[in-house]
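Residue strings, one per chain:
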Amino acid sequence: MPILYRDPSILLASIENWLAEQLRSAGDKGGIVGLSGGIDSAVVAAILKRVCGNRMLAVIMPCHSHPEDRLHAAMVAAHLQIPHLTVDLTETYDALISALGEGEGSRMAQANLKPRLRMSTLYFLAQTRNMLVCGTGNKVELTVGYFTKYGDSGVDLLPLGDLLKGEVRQLAGLLEVPAPIIDKPPSAGLWEGQTDEGEMGVTYDELDRFLALGEGSDKVRNFVEQSRARSEHKRRTPPICRISETKQA
């Protein structure tokens, strides 16, 4: 039977070596990550701690967030003894929504403003500390475009970008991330009751198997192919109008 997931100890060593080299070559002092209370950010924070020691920072950024997420983020920081701080973006978010005009944005536009504010916060803190911003996106999310353009995709490094979701879970166990974080349903926290799998309509296990082995139902295949095509613009840098290549009227 084909092996779905790779050895987590080998994955961890590879990521740590890669991350150390990326930081070294950039001449930066360490890495910074947003700590959401979810499994992906917990794993990135734990790896940063192992690679950088106290030359790293995890930032908890509640913004109309579920109270449990803030508690779980604090739990991870305390359990793994991670340097961290909290920046509450709720009032900033409310002020910006008000300035833009109440009711002007769709639910998704308003929800996507949250990760974009978090991106700005992380870069401000990173620049003042000579750090690189480490994202938390995994291979599944990057493939199907399950991230906010210039939000959680606005990062310098993606340590988990080649990992399936199940591999992230295995790393979390190896890194001793607290069980409540590993066991909770994955959620971007975009609105009350939102979950990743509920929004996508397919499970991470199904997506892992399809991406790794090419196995899955027509529903999963169609979701991946359509999502990949629809989100292609998120994975590309903005196109430049090359004058020499344009057609003249």
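One structure accompanies this document, and this report is about it. (Residues numbered from 1 in each chain as written. Predicted model: local features only at pLDDT ≥ 70, side-chain atom pairs only at ≥ 80, totals over all residues. Heavy atoms only, no water.)

**Quick look at the packing of helix H7 (residues 165–174) against helix H10 (residues 204–213)**
Relative orientation of the contacting elements H7 and H10 amounts to 110 degrees, with a least axis distance of 8 Å. Here H7 lies roughly perpendicular to H10, going by the angle between them. Across from Lys165, Gly166 and Arg169 in H7, the residues of H10 making contact are Tyr204, Asp205 and Asp208. (Axes fitted to C-alpha atoms, helices over the stretch in contact; angles between N-to-C directions. Helix = DSSP H or I, 4+ residues; strand = E, 2+ residues; numbered from the N terminus. Parallel < 35°, antiparallel > 145°, perpendicular 65-115°, else oblique. Contact = heavy atoms within 4.5 Å.)

**Let's talk about the pattern of salt bridges**
When the charged atoms of two side chains lie near each other, side chains of opposite charge can form a pair. Counting across every chain of the model gives 12 salt bridges. Between arginine 6 and aspartate 162 there is a salt bridge, and its shortest N-O distance comes to 3.4 Å. Remark: aspartate 162 occurs in the loop between helix H6 (139–144) and H7 and arginine 6 occurs in the segment before helix H1 (8–26); sequence separation between them is 156 residues. A salt bridge links glutamate 215 to arginine 209, with the nearest nitrogen and oxygen atoms 3.1 Å apart. (Salt bridge = Lys/Arg side-chain N within 4 Å of Asp/Glu carboxyl O.)

**Quick word on the layout of surface pockets**
If you add up the space inside the second largest pocket, you get close to 240 Å³. Along the wall of the second largest pocket there are 13 residues; nearest its centre are Phe147, Ser153, Lys234, Arg235 and Arg236. Across the lining of the second largest pocket, the residue classes break down as 6 nonpolar, 3 polar and 4 charged. (1 Å grid on protein atoms, 1.4 Å probe; cavity = no way out; pocket = protein on both sides within 12 Å on 5 of 7 lines; lining within 4 Å. Points joined across faces, edges and corners; volume = space filled by probe spheres on them. Nonpolar A, V, L, I, M, F, W, Y, C, P; charged D, E, K, R; others polar.)

**Here's the deal with the packing of aromatic side chains**
Summed over the entire model, instances satisfying the criterion amount to 0 aromatic pairs. Sitting over the ring of tyrosine 93, lysine 114 keeps its end group 5.6 Å from the ring centre. When the ring centre of tyrosine 204 is taken as origin, the NZ or CZ atom of lysine 165, which lies over that ring, is 4.8 Å away. (Phe/Tyr/Trp six-rings, centres within 6.5 Å; stacked < 30°, edge-to-face > 60°. Lys NZ or Arg CZ within 6 Å of the ring centre and 35° of its normal.)

**A look at the nonpolar core**
Counting residues in each nonpolar core, the largest one holds 36 residues, and the members touching the most others are Leu19, Leu35, Val43, Ile47, Leu48 and Leu160. For this core, the secondary-structure elements that each account for two or more residues are H1, helix H2 (39–52), strand S2 (56–60), helix H3 (67–79) and H7. At 10 residues, the largest contribution of residues to this core is made by H2. Non-local contacts of isoleucine 47, meaning those with residues more than four positions away in its chain, are made with Leu12, Ile15, Glu16, Leu19, Leu160, Leu171 and Leu175. (Core = buried A, V, L, I, M, F, W, Y, C linked by side-chain atoms within 4.5 Å. Buried < 20%, exposed > 50% of the residue type's maximum accessible area, 1.4 Å probe, protein only.)

Fair warning: the whole summary comes from geometry, so function is off the table for now.
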